[in-house]
Amino acid sequence: MHPQALLEACAELTGRVLRFDHPADAIVSRYFREHRSLGPRERATLAETVYTILRKKLLFEHLARSGTGARERRLAILGFHGSRDFLKTVLSDVEKRWLDACEAVAPAELMPHHRHNLPDWLAQPLRAQLGDADFMVLADALQQPAPLDLRVNTLSAKRDEVQRELKAAGIAAKATPFSPWGLRADGKPAVNRLPAFERGAIEVQDEGSQLLTLLVEARRGEMVVDFCAGAGGKTLALGAAMRSTGRLYAFDTSAHRLDALKPRLARSGLSNVHPAAIAHERDDRIKRLAGKIDRVLVDAPCSGLGTLRRNPDLKWRQSPEAVQELVAKQTAILASAARLVKSGGRLVYATCSVLPEENEAIAEAFGAAHPDFLPLEAADLLAAQKVEGAAGLCAGGGSGTRYLRLWPHRHATDGFFAAAWNRR
């Protein structure tokens, strides 16, 4: 594709995404389906340009005011993913001078919101949790792309063997620092055509998501429920931890999301997983299993604000009102899921949010309303599963290690929260 056409395509896609009427990844995927002649390098340029604009939207909109031409073109120039020399071959002299002036602006000259690129309603609670200095470190981390983490399917493969196989295929990957199942790849290699992927030896899964699954500590022969299974990344990890024995229910209110689990399940070699769409958290299937389940994971519907490195549009698409609606839903789902847990069984509540009202507030309200559930120390549970530095992954509670609390700038994972209880 000619450089000018590529820049115009970046501007067109930017305009579509900034309408915020659908998730950015869905809009990008649809654009690629409409333009099947695009090569892998052109697709990468388009996607990364748009995601850079979403990450730095407040800054780029501020800088764009001093430029000329269509707004989407100015934003695409500022966020262009690729060589500046390549880009400048299609810019006018005026645009080149403007771009040079924009790139010469030092961060210290900018207003705080142009540096952190977060809406005020989100910046305020994050700053309150972290303090000014640590908040800015987090804000910088959220403007970087997330790494590609893989989970090795321990049912059929060993991590060091898969690591060597990836290396032979030209993909450098190192063991994740915390999860004993994880590998972190260098760059963004395409893994879905690799033999290791096709035979189910690896799945794409953030290290933080792997740590949530470890908290459940699912064992051979048990009855386990993944209450909000979605596309099933944690379901597959739970099934491997159970060595494909016992019975693992994958519940979700979306049959469409569960459909995405089926090909992954087929690759995984697991035979103990039972996906089932439910109407709501009080479905009859839930009632029939009440008090019978050894371990229940509630990875609740949430704002997703811990995943801003991957989904930067969420900070512009979410709102305080939407978060309050989610809090009501999270409270109801956790209470319903708790009914499944048998005496002596474990309950784990988790989100990929960084907001206390979706995390600690839900856990503490649940604990107060359910005295038959004894809170557990997340750090102790992880340490027992040979997770290195488990205490450094946790925060809150009387000991300061009750909850799993992961941050992108501290742990290089998505932002995650989890709380665990045993039923008396």
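As the structure is a prediction and not an experimental result, all values here were calculated from the model.

A. Here's a closer look at helix α5 (residues 71-79). Taken across its nine residues, α5 has seven buried, putting it largely inside the fold. Of all the positions in α5, only R73, R74, L75, A76, I77, L78 and G79 are classed as buried. Close packing links the buried residues of α5 with α1 (3-17), α3 (40-55), α4 (57-64), α6 (84-88) and α7 (93-103).

B. Geometry of the pattern of salt bridges. Counted under the stated rule, the structure contains 33 salt bridges. Several salt bridges share partner residues, and in doing so they unite D206, R309, R310 and D414 into one network.

C. Representation of unusual backbone geometry within the structure. With a phi close to 55 degrees, F20 is a non-glycine residue in the positive phi region. Within the secondary structure, F20 is located in the loop between α1 and α2 (24-34). Here K386, not a glycine, exhibits a phi torsion of approximately 65 degrees, which is positive. Along the chain, the position of K386 falls in the loop between α20 (378-384) and β11 (394-395).

D. Focus on the packing of aromatic side chains. The final tally for this structure, using the stated rule, is six aromatic pairs. Seen from their ring centres, Y249 and F251 are 5.6 Å apart, and the 20 degrees between their planes marks the pair as stacked. Owing to a relative accessible area of 14%, Y249 belongs among the buried residues under this scheme. A relative accessible area of 1% places F251 in the buried class. What links up through ring pairs into an aromatic cluster is the set Y349, Y403 and F417. Directly above the ring of W316 sits K57, whose terminal nitrogen or CZ lies 4.6 Å from the centroid.

E. Spotlight on the sheet that holds strand β4 (residues 202-204). Strand order in this open sheet of four strands is β2-β3-β1-β4, and the pairing throughout is antiparallel. Each edge of the sheet is formed by a strand with only one pairing partner; in this case those strands are β2 (173-175) and β4. The mean angle between the axes of side-by-side strands here comes to 35 degrees, regardless of whether they run parallel or antiparallel. Pairing geometry for strand β1 (residues 148-152) and β4, over three bridges, is antiparallel. When the sheet's bridge partners are listed, V152 is paired in β4 with I202.

F. Summary view of the state of the cysteines. Overall, the coordinates contain zero disulfides when judged by the stated rule. A disulfide-free cysteine, C102 has its sulfur positioned 17 Å from the sulfur of C10, the nearest such atom. Given the relative accessible area of 9%, C102 is considered buried. Not part of a disulfide, C302 finds its nearest cysteine sulfur in C352, a span of 3.5 Å.

G. Structural detail: helix α9 (residues 120-130). Taken residue by residue, α9 has L122, A123, L126 and L130 as its buried positions. End-on, the buried residues of α9 take up no more than an arc of 95 degrees, which puts them together on one face. Across from the buried face of α9, at angles greater than 90 degrees, the exposed residues are D120, Q124 and A128. On the buried face of α9, the contacting elements are α8 (112-116), α10 (132-142), α17 (314-317) and α21 (408-411). Two residues or fewer past α9, G131 is found with a positive phi of approximately 85 degrees.

H. Representation of the pairing of strand β12 (residues 403-406). Side chains Y403 and R405 project from β12 onto one buried face, and the interleaved L404 and L406 project onto a second face that is buried too. As judged from the two bridges shared by β11 and β12, these two strands associate in the antiparallel manner. Paired with A395 across the strands is Y403, a residue of β12. As judged from the three bridges shared by β12 and strand β13 (residues 416-423), these two strands associate in the antiparallel manner. Residue pairing across strands places L406 opposite F416, the latter belonging to β13.

Cut-offs applied
Residues numbered from 1 in each chain as written. Predicted model: local features only at pLDDT ≥ 70, side-chain atom pairs only at ≥ 80, totals over all residues. Heavy atoms only, no water. Buried < 20%, exposed > 50% of the residue type's maximum accessible area, 1.4 Å probe, protein only. Helix = DSSP H or I, 4+ residues; strand = E, 2+ residues; numbered from the N terminus. Contact = heavy atoms within 4.5 Å. Salt bridge = Lys/Arg side-chain N within 4 Å of Asp/Glu carboxyl O. Phe/Tyr/Trp six-rings, centres within 6.5 Å; stacked < 30°, edge-to-face > 60°. Lys NZ or Arg CZ within 6 Å of the ring centre and 35° of its normal. Pairing = 2+ DSSP bridges. Axes fitted to C-alpha atoms, helices over the stretch in contact; angles between N-to-C directions. Disulfide = S-S within 2.5 Å. Arc of directions from axis to C-beta.

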